[in-house]
Each structure stands twice: as C-alpha cells, then as structure tokens.
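Reading the structure
Residue-level listing of the chains:
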Amino acid sequence: MSCRGASPAMCRPRAFDSLLAVFALHTVAVALVAAQGSSGASRWQTLSGNEPLVIARGGFSGLFPDSSSAAYSLTMLTSVPDVVLWCDVQLTKDGVGICAPKVTIENSTDIDRVFKDQAKAYLVNGVPTLGYFSVDYALKDLTNVYLIQGIYSRTSRFDGSGFQILTVEDVAGQMKPQGFWLNIQHDAFFTQHNLSMRSYVLSVSRRVVVNYISSPEVAFLRSIASRFNPRITKLVFRFLGPNDVEPSTNQTYGSLLNNLTFIKTFASGILIPKYYIWPVDASLYIQPYTPVVLNAHKEGLEVFASDFTNDLPLSYNYSYDPASEYLYYIDNGKFSVDGVLSDFPITPSAARDCFSHLGRNASEQVNLLVISKNGASGDYPGCTDLAYQKAVSDGVDVIDCPVQMSKDGIPFCLASINLGDATNVLQSNFTTLSSTIPEIQSGSGVFSFSLTWSQIQSLSPTILNPYRKFELFRNPKFRAAGNFLTLSDFLALAKNSSSLSGVLISIEHAAYLIEKHDLRVTDAVLDTLSKSGYDNDTSIKVMIQSTSSSVLKNFTEKSNYELVYKIDESIRDATDATIEDIKKFANSVVVGKTSVFPESGSFITGQTNTVERLQSFKLPVYVETFQNEFVSQAWDFFSDGTVEINSFVMGASINGVITEFPLTSARYRRNRCLGSKTLPNYMSPVQPGSLIQLITTPYLPPAEAPNPVLTEEDVLEPPLPSYEAPSSSPGGGGGETVAPPGNRQPKTTTCMFLTNLALLLSTLLLFLKL
C-alpha cells in the first residue's frame, strides 16, 4: 500500500497534527533553555557585534521535505531561539505565496502523481525550462499535492507523511518564528504570467512580520526599497554564481561584487555563496579567505553566507566535520559573517553557542576518554607517524597501536595483518607472496608475517577510504604520506607527548601466529613494553586490547595494565555469568555502536541494555568506531558527528569513544553547553527509536532481527597454544585450514549508513498516543 493518493489524515503521523497545538508553549521553553547555552560575553566580529544568525533554509530540509511543517517544527525544536525560518516564495495562479524551493515544484512535491503528464515548458530568465510550475495551479488545486524530499541522497522515508504545501501565512502563523525570511526569485517570470511579486510582498508584509527579504534581482529590490523600514524588514541582495548574469543590470554577479557602494543604495546586506569567502580549489582544499566580508562591513552591509549542508562533500580541511566549517566563517579571529543559511540548523546552532571562542585550554565539561583508531586515520594513513602526531595535537587521550608481526619477528603498528589493506603492497613486487588463509580472512592477501621489517619499510602507506563508493575520500594530498612505526617507535612517540594519558595496544591472530610461524606476539609486546620503560612508568597507562580472552589472560599478572575485551559482534545484552567471566580477564570492554543503538535501514530502533549492564559490573565501556563521514551515521544524528557523539555520551553514558577523527571528540568535551544546568536542545541526546516511529507503515525499512545476547560460550577460549615448529608451507600454510581457538562466533559485519533526527522526537512521542 502506498500513501500517495490517500488522504493526509490516513498517512500522516498524528503527532504532527497535535504538535502545533502546543507549539507556542514549547517554543518559549526552548528559548529559555537555549539561552543558557549562549555566551553573551563573546566578542563577535559581525557588523553589529551581535552573534551571527542561524537561518534554516526551508526549515530542517536536510531531513524532512523542504518547507514542510515537520521541517519548520524540527528547526524550532532543535535550534537557537532566534533561528530565522527561510521560505522560497512561489506564486500560485490565484496569487497566493507558497513556500517551495524552486520555481518548478515537481522535484519537491508529488504533483506529477496528481496531475500526470501535465508538465509545461516556459522561458525562465531566457532559458527554456520543462516542469510543473506553481503559476498553472490555484492553491485549491494543490490540496492533494504533498511535499517530498527533493534531494535523492537524503531519506525519502517521510514522503508518505502527507505534508501539505504551506503558504507564507501558514509558516508565520503556525511557527511564530522570531525571524522570518522570504526569498524572491524569478520576479520577471511571474510578471510574464500576470502575477506581481512586488504587490504580493507588499501585501503579505502587512499581515505577517517579515524580517528579511532577499532577491538576486536588483530591479525587484529597488522597486520595494522605499516601502520598507529597514529597522523592521531588511532587504538583502543575493549573489548567484560569479559568472551568472543579473537580468536587470546585465552585469555578472562577480562584477557587482566590486560595486558594494551601489548595492548599499537599496539593500542593507548581501547573501553570498560560502565559496565567495573561503574559496575551494578543484581538489577541494580551501584557499586563503577573500576580503569580501571585511569590504562589505566597511560599506555597512551585513554578510550572510549560503550553501551550508552536512551531507555533501566538504573541503578536506574540515575533516568531514560540519561544525568545523561553520567555525571558519564565524570564529576565525579576523571576521564573522552575520548569518549562515543551512539545511541542518542544529549544527550552526551548536557551533555558535557551544563551540565558538573556545580556546584549546578550555576546561573539559564531561568525563570522556578519547581513544584514537589507528591514530587520526581520518586525516592521514593510519598508524603512521603523521596520524599519531595529528591525534596528539587534536587532543586525544590515548593513541593506539594494532600490533602486527613481521617475518623476522619485529612488532609494528598497522591497522590490518593484511598489508594490502593499508599499504601499496599490491602494486609492489611482493604480490608473488599473496596467499589465502581462511583462519584470518576470506580472499587472498599479502600478510605481514610474509615480509621482513626492512621489506615492509620499503612500502608506502595508503589512507583508508571506507566510503569510496559514495565518492567520499580522505585527504588525498596525503594519501601516501607518513612512515610506519615499530612498536618501540610508537611507545617512544607516546612518551614524548606530554598530553597523552595512555596507549592502547591491540593484539589479534595470536594463536595462528604461534602455531604457524612461531611468532609469539604477546611475548614481543611484553618485552617491548619492558625495554621501553613502561613497566615502571605510571604516568602513561598501558591498555591491552583483544577480541581473544586467551590473549588477555596472558597479561593478567600485569596489574598495572588495563585489559580491554573487544566484543566483535553486535549484542543487545549479556548474561550475568558472561560478564562475571569477562571480569576475570578484562578491566573494560569495547563494543560497536550498534550494540548500543541498534539500527534498521539507518534508523535507530531503540537502545540496548549493553552499556548499563556492563557498567553495573564496574566495567567501563568504550564504543567504536566514530567517523565523521555523514554516511557512517544513522539518520537520527542529522549527518553531524558531534550530534552522534553527544547522544552516546549524554544518552547512553559511555565511558569513551574510539575515533578516526579525534579532533571532533576532543573538542566536544570542552563545549560550554555541557556546563549548563539544563542542556540546550541542540546539545540534548536523540531519543532512540523516535524517528522511525514517525514513518508511516508503507515507508518503514524492513524489520531486522534483534541483536543476540552475549553468552559464556561466546567468551570462553582455550589457552594460547604452546610452541610448535612453524609450518613449511609457503605463505604460512597457503590455505591449510586450522580451526580457530574456542567457540566464539565469527564476526558479524554491521552496515552503518546515514544521518539524523533527534529532538522533534521527544516532543512528537508525547502526541503519538493522542
């Protein structure tokens, strides 16, 4: 069954209908709470000296359909109290202003379902354009036309919710925003259809408060300039691409940027694409900032920056962290834009109120251990000197070394025992050493124990790109940069880094290495730690991690080491007996993200007891792996790594994060909003399972079986094997099957995908029972 064609009452979650009834009261509460997160003492380099505005383009259009009631409502519930709601105004045949992102509306609505095969072609700014135009339909004709998600990389699960097209008066009256922004484009097009955008804007401004009116058309703004009091309604000239031509002056927008004095005669501000300020080269690296903000401020013009989204590739300089990008524009020490136009208003809200003017020495507001995953492997090839140095400079607490063994018995740091995963070995002469070892992995590889350390040093590292299929790449200029480190080198680097509190050494495949190659990795680690002075040094904590209980038992006599048991499958709970067994050989536990917040179709379905149960037995819980790429996050986290981290910390009370992007987590701990008595809504954890409850039944993702409960059979293993002569088979056995120790279940691959919803949730759930 499809909701398209059905009445909105049949398809729309009843929570949305009830939400607006109490919206005014909740908005007051949001304002009071969010104000506590603001830093009134901060010195802003905006034109007015006030904090920059957060402008929500079509509401929270990064999640819900653009300009829908849900998108606007979520904005009000998750953003700063002075958030400005943006409406792209289109005119209907009977002269009513509606909110829709483009002059053609088939991409943002299902109008082609209601009026099949009725697309028309018109000239829009001289360009023949085929589509469904608002000018061909009266408002009553659009009653059964519903808003849908118009950007295909975003979730379409809410397309069946029956969101009706809203008029300008609907948005102003229902949402009652502190700021309301109307964007007017294609005035000449509407004039061709005997519709006057000028008359409409003048008329509607007498019925609702309009704080900002923007347009990329000089003639339109000049025609209304004398009719508006700039203390009530500010006119803003919107720049399009620098080579695009402004129709009334026949000048390019690039040339108009050089005549800000002229723009000042009819506007009080300019709205420019963000790359006008921080240009990005063809390789997606930012260039030095331009003087446009400083020049505009000298002319008395406010500057608003547009095109901010969380779910499009950012400059590599931002490490896929959208909050970092906003801080470049509002807190760079030279200038601040006066506002940002965003599809994800929660992110600039937090950037402005929680992270701006935050010094590196700002005190931590939450007790959270930040552990690197192969160093800062989101920025440099993992386990290289550059990755570790970056992790340390980013503020990580613990750097990690996954220990591998070379053929000549040298322990070194590398993310995988298969050199093909982290080096260029497959492009080298060592490909002849490729073998298939089912005990380690399916498929062939060139393994570390097949090469001597000097041979491994002749290879180049490669950066991990886990989301290559989405064309998301990591720091390509440095994709092969850095040097491999022996375990001894790694420990020396850690000792020389005064800010670190510990090192984490992970050990896998120990039984196989002993049986097949006489490489006793546990002994090598103990010996290297001793020779590096870590036995008697209490200033740096040593953490030993493994998925094998038999490995950890080899270290139990070292009482000054923290033994970390990694559960390499998604679970929902563990029996008491199992946890008691874990406590015999481990001091803490690592679990995957889905063992805390299970997912279905990239939506969080709830919260497990895993963290609470383990902590009740005095076992700290660290969670992995946190990544900044938006496709690694559930929709519930709004394509924002900070929202995800916050939800695990404040919502699940985890003890630590294991991350490939340490800067995001380390900065999170210092944000001033966590020091507030009441968390502002943009720093509150998501409500697990709430977003998926807002999806109508035909659009729900397929149900998935619940995660299993961890049992004793999953944990108990026989001791590591005693010495045996190494196999003479080429490549360490070349496919000979050796049963892995114990009865532990094989790893389960967990699929992570995209982004977020959060706090609309808690309010909406109150009404699901109405």
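Residues numbered from 1 in each chain as written. Predicted model: local features only at pLDDT ≥ 70, side-chain atom pairs only at ≥ 80, totals over all residues. Heavy atoms only, no water.

**Overview of the overall build of the chain**
In terms of regular secondary structure, the chain is built from 26 helices and 28 strands. By residue count, 59% of the 770 residues in the chain fall in the buried class. Partitioning the intrachain contacts of the chain with sequence separation of at least 6 by distance along the chain shows that 75% fall at a separation of at least 24. (Helix = DSSP H or I, 4+ residues; strand = E, 2+ residues; numbered from the N terminus. Buried < 20%, exposed > 50% of the residue type's maximum accessible area, 1.4 Å probe, protein only. Contact = heavy atoms within 4.5 Å.)

**Some points on the pairing of strand β11 (residues 269–273)**
Side-chain positions along a regular strand alternate between the two faces of the sheet. Most of β11 sits out of view: five of its five residues are buried. Residues of β11 alternate between two faces, with Gly 269, Leu 271 and Pro 273 on one and Ile 270 and Ile 272 on the opposite face, all of them buried. Sheet topology places strand β8 (residues 234–238) next to β11; three bridges connect them, and they run parallel. Along β11, the bridge assignment pairs Arg 238 with Leu 271. Here β11 runs beside strand β12 (residues 302–308); their pairing, made up of five bridges, is parallel. (Pairing = 2+ DSSP bridges.)

**Side note on unusual backbone geometry**
Across the chain, the bulk of peptide bonds are trans and the bulk of non-glycine residues have phi less than zero. For the peptide bond that leads from Glu 624 to Thr 625, omega is -10°, which places it in the cis range. Its location among the elements puts Thr 625 in strand β26 (residues 621–626).

**Observations regarding the state of the cysteines**
Here a disulfide denotes one covalent bond, and it connects the sulfur atoms of two cysteines. Enumeration over the complete set of coordinates arrives at three disulfides. In this model Cys 354 forms its disulfide with Cys 673; the gap between the sulfur atoms is 2.0 Å. Judged by the torsion about the S-S bond (-90°), the Cys 354/Cys 673 disulfide is left-handed. With Cys 354 in helix α14 (residues 346–355) and Cys 673 in the loop between α24 (662–670) and β28 (709–710), this residue pair connects regions lying 319 residues apart in the sequence. The two residues Cys 354 and Cys 673 agree in class, both being buried. When the cysteines engaged in disulfides are numbered in sequence order, the chain pairs them as 1-2, 3-6, 4-5. Between Cys 383, a free cysteine, and Cys 413, which holds the nearest cysteine sulfur, the sulfur-to-sulfur gap is 6.0 Å. Relative accessible area serves as the criterion here: at 0%, Cys 383 is assigned to the buried category. (Disulfide = S-S within 2.5 Å.)

**Brief notes about the nonpolar core**
The biggest cluster of nonpolar side chains holds 194 residues, and the ones touching the most others in it are Ile 277, Ile 399 and Ile 544. A domain-level breakdown of this core finds at least three residues from each of domain 1 (57–102 + 167–355) and domain 2 (369–699). Excluding anything up to four places from it in sequence, Ile 399 contacts Ser 372, Tyr 388, Ala 391, Val 392, Phe 490, Leu 493, Ala 494, Leu 500, Gly 502, Val 503 and Leu 504. If you look at the next biggest cluster of nonpolar residues, it comprises 12 residues, including Phe 412, Ala 422, Leu 451 and Ile 456. (Core = buried A, V, L, I, M, F, W, Y, C linked by side-chain atoms within 4.5 Å. Domains from an automatic or database assignment.)

**Some details on the layout of surface pockets**
The volume enclosed by the second largest pocket comes to roughly 980 Å³. Lining the second largest pocket are 41 residues, with Arg 57, Pro 101, Lys 102, Arg 238 and Asp 307 sitting closest to its centre. Of all elements in the fold, only β2 (84–91), β6 (179–184), β12 and α13 (322–330) reach the threshold of two or more residues within the lining of the second largest pocket. In terms of residue count, β2 provides more of the lining of the second largest pocket than any other element does, four residues in total. Within the lining of the second largest pocket, the residues separate by chemical class into 19 nonpolar, 12 polar and 10 charged. (1 Å grid on protein atoms, 1.4 Å probe; cavity = no way out; pocket = protein on both sides within 12 Å on 5 of 7 lines; lining within 4 Å. Points joined across faces, edges and corners; volume = space filled by probe spheres on them. Nonpolar A, V, L, I, M, F, W, Y, C, P; charged D, E, K, R; others polar.)

**A look at the packing of aromatic side chains**
Taken as a whole and judged by the stated rule, the model has 40 aromatic pairs. Measuring from ring centre to ring centre gives 5.2 Å for Tyr 289 and Phe 335, while their planes differ by 70°; the resulting arrangement is edge-to-face. Within this pair, whereas Tyr 289 is found in the loop between β11 and α12 (292–298), its partner Phe 335 is found in the loop between α13 and β13 (339–342), the two being separated by 46 residues in sequence. An aromatic cluster is defined as three or more aromatic residues linked by ring pairs; in this entry it consists of Phe 237, Phe 239, Tyr 253, Phe 262, Phe 266, Tyr 275 and Tyr 276. The ring of Tyr 285 is capped by Lys 477, whose NZ or CZ atom sits 4.3 Å from the centre of that ring. (Phe/Tyr/Trp six-rings, centres within 6.5 Å; stacked < 30°, edge-to-face > 60°. Lys NZ or Arg CZ within 6 Å of the ring centre and 35° of its normal.)

**Some words on α14**
Of all 10 residues in α14, 10 are buried; the element is thus mostly enclosed. Where α14 is concerned, the buried positions are Ile 346, Thr 347, Pro 348, Ser 349, Ala 350, Ala 351, Arg 352, Asp 353, Cys 354 and Phe 355. Positive backbone phi, at 50°, marks His 357, one or two positions downstream of α14.

**What to know about the environment of Glu 51**
The topology assignment puts Glu 51 in the loop between α3 (23–35) and β1 (53–57). The partly exposed category is assigned to Glu 51, whose relative accessible area is 25%. Residues Glu 51 and Asp 353, 302 residues apart in the sequence, show an inter-C-alpha distance of 8.9 Å. A distance of 3.2 Å separates polar atoms of two side chains, one belonging to Glu 51 and the other to Arg 352. (Polar contact = N/O pair within 3.5 Å; in protein donor to acceptor, adjacent residues only side chain to side chain.)

**Section: helix α17 (residues 487–495)**
Where α17 is concerned, the buried positions are Leu 487, Phe 490, Leu 491, Leu 493 and Ala 494. Buried residues along α17 cover an arc of 160° about the axis, so they all sit on one side. Elements in contact with the buried residues of α17: α15 (385–394), β15 (398–405), β16 (411–413), β19 (502–507) and α19 (521–531). (Arc of directions from axis to C-beta.)

**Some points on the packing of α13 against α14**
Packed helices, taken two at a time, are described by the angle between their axes plus the distance between the axes. Relative to each other, α13 and α14 sit at 60°, their axes nearing to 9 Å. For the crossing formed where α13 meets α14, the hand is right-handed. Contacts between α13 and α14 pair Pro 322, Ala 323, Tyr 326, Leu 327 and Ile 330 from the former with Thr 347, Pro 348, Ala 351, Arg 352 and Phe 355 from the latter. Looking at the contact of α13 with α14 residue by residue, the classes come out as eight nonpolar, one polar and one charged. (Axes fitted to C-alpha atoms, helices over the stretch in contact; angles between N-to-C directions. Left-handed = near helix turned anticlockwise from the far one by under 90°.)

**Brief notes about the side chain of Asp 88**
Assignment of secondary structure puts Asp 88 in strand β2. One polar contact links Asp 88 to Trp 86, side chain to side chain, over a distance of 2.9 Å.

**What about the confidence of the model for the chain?**
Summarising the model, the chain shows a mean pLDDT of 89, and 88% of its residues fall at 70 or more. Counting contacts from residues 1–42, a segment whose pLDDT is below 50, to residues more than four positions away or on other chains yields 92 contacts. Contacts of residues 724–770 to residues separated by more than four positions or lying in other chains number 143 contacts, the stretch itself having pLDDT below 50. (pLDDT = per-residue confidence, 0-100.)

**Quick look at the pairing of β12**
β12 sits mainly inside the fold: six of its seven residues count as buried. Running through α12, the crossover from β11 to the neighbouring parallel element β12 is right-handed. Where β12 and β13 come together, three bridges link them in parallel fashion. Paired with Phe 304 across the strands is Gly 339, a residue of β13. (Right-handed = clockwise from strand over helix to strand, strands pointing away.)

**Side note on the pattern of salt bridges**
One pass over the structure, following the stated rule, counts 30 salt bridges. Where Asp 343 meets Arg 57, a salt bridge forms, and the shortest distance between an N and an O atom there is 2.7 Å. With Asp 343 in the loop between β13 and α14 and Arg 57 in strand β1, this residue pair connects regions lying 286 residues apart in the sequence. The same class applies to Asp 343 and to Arg 57, which are both buried. Put simply, Arg 613 and Asp 573 hold a salt bridge, and the shortest N to O gap is 3.0 Å. (Salt bridge = Lys/Arg side-chain N within 4 Å of Asp/Glu carboxyl O.)

**Focus on the side chain of Ser 570**
Mapped onto the fold, Ser 570 is located in the loop between β21 (561–566) and β22 (573–574). Of note is the side chain of Ser 570, whose polar atom sits 2.7 Å from the side chain of Thr 594.

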